[in-house]
Amino acid sequence: MKSVLTQMYQQCPDNNPAMKSALYEASRASENLSGALSATISNTAGKETTNVLGILLDTGWNTLIQSNPYAQAFMIGANIGTWLGDTICNTLFSTDKTIEQYEKMKCLDEFILLLRNTLTEMGTIY
């Protein structure tokens with residue numbers, strides 16, 4: 001199992017960081033507990049850095065908008081329009097649930113494809 005997870009991690013495309021980090025954590029966990037803990041800590045630290053940067057950008061943007069009364073009025077209108085449009089679309093078409101299910105199926109499909117490719121390649125080696 002350890003070799004399958006390691007091979008899947010190596011074959012996982014770099015444009016899918018969520019699956020790559022999950023496979024990294026799983027492959028490290030299959031090696032030993034300390035490796036699993038270090039992988040989890042490094043992934044958590046990366047996510048927290050991204051969160052802090054997002055908060056700083058949001059705060060700066062909000063300060064800039066609040067300093068200009070015209071921009072503030074525009075943002076209030078834009079927020080109301082966004083809320084209204086989202087509410088109508090979700091009520092009529094369940095767009096949030098549909099998108100969530102689509103993304104889950106897409107992730108599962110990508111994982112299964114990666115697993116099949118890895119098992120096929122390992123089957124030819126052994």
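In this text the structure is predicted, and so the values were computed from the model without any measurement. Each residue is numbered by its place in its chain's sequence as written, counting from 1. For a predicted model such as this one, the threshold for reporting local features is a pLDDT of at least 70, and the threshold for listing and counting side-chain atom pairs is 80 or more; totals across whole chains, interfaces and linings nevertheless cover every residue. The basis for every side-chain value is the complete set of non-hydrogen atoms in the structure, without hydrogens or water.

A.B. asks: Can you walk me through the overall build of the chain in this structure?
C.D. replies: Working definition: helices are DSSP H or I runs of at least four residues, strands are E runs of at least two. Numbering for both runs from the N terminus. Looking only at helices and strands, the chain features five helices and zero strands. Here the term buried applies to any residue with accessible area under 20% of the maximum for its type, exposed to any over 50%, and partly exposed to those in between, with areas from a 1.4 Å probe on protein chains only. Among the 126 residues that make up the chain, the fraction classed as buried is 13%. For the chain, contacts bridging at least 24 residues in sequence account for 46% of all contacts bridging at least 6. Accessible surface area values rest on a Shrake-Rupley calculation with a 1.4 Å probe, where residue burial reflects the displayed protein chains alone. Surface exposure of the chain reaches about 9,700 Å², of which carbon and sulfur atoms provide 65%. A contact between two residues is defined here by any heavy atoms of the two lying within 4.5 Å.

A.B. asks: Any chance you could explain the packing of aromatic side chains here in plain terms?
C.D. replies: Aromatic ring pairs are defined here through the distance separating the ring centres and the angle between the ring planes. Between rings of Phe, Tyr and Trp, where Trp is taken as its six-membered ring, a pair exists when centres lie within 6.5 Å; planes separated by under 30 degrees are stacked, by over 60 edge-to-face, and by other angles tilted. Under the criterion given, the structure shown has one aromatic pair. For the ring pair Tyr9 and Tyr24, a centre distance of 5.4 Å and an interplane angle of 45° mean the geometry is tilted. Remark: Tyr24 occurs in helix 2 (residues 17-31) and Tyr9 occurs in helix 1 (residues 2-11); sequence separation between them is 15 residues. A positively charged side chain is recorded as over a ring if its NZ (Lys) or CZ (Arg) lies within 6 Å of the ring centre. The angle to the ring normal must also be within 35 degrees. Sitting above the plane of the Tyr9 ring, Lys20 keeps its charged end 4.6 Å from the centroid.

A.B. asks: Any chance you could explain a nonpolar patch on the surface here in plain terms?
C.D. replies: Residues enter patches when they are more than 30% accessible in relative terms and free of salt bridges; like-charged ones are connected within 9 Å and nonpolar ones (Val, Leu, Ile, Met, Phe, Trp, Tyr) within 5 Å. Criterion for a salt bridge: a side-chain nitrogen of Lys or Arg within 4 Å of a carboxyl oxygen of Asp or Glu. Residues Trp83, Leu84, Ile88, Leu92 and Phe93 make up a contiguous nonpolar surface patch of roughly 590 Å² in combined accessible area. Note that Trp83 resides in helix 4 (residues 69-93). Overall, the relative accessible area of 58% leaves Trp83 in the exposed class.

A.B. asks: Explain unusual backbone geometry to me, please; I cannot follow it from the model alone.
C.D. replies: Excluding glycine, residues mostly have negative phi values, and the peptide bonds linking residues are mostly trans. The backbone of Ser94 shows a phi angle near 50°, a positive value even though the residue is not glycine. Locating Ser94 in the fold gives a position in the loop between helix 4 and helix 5 (95-125).

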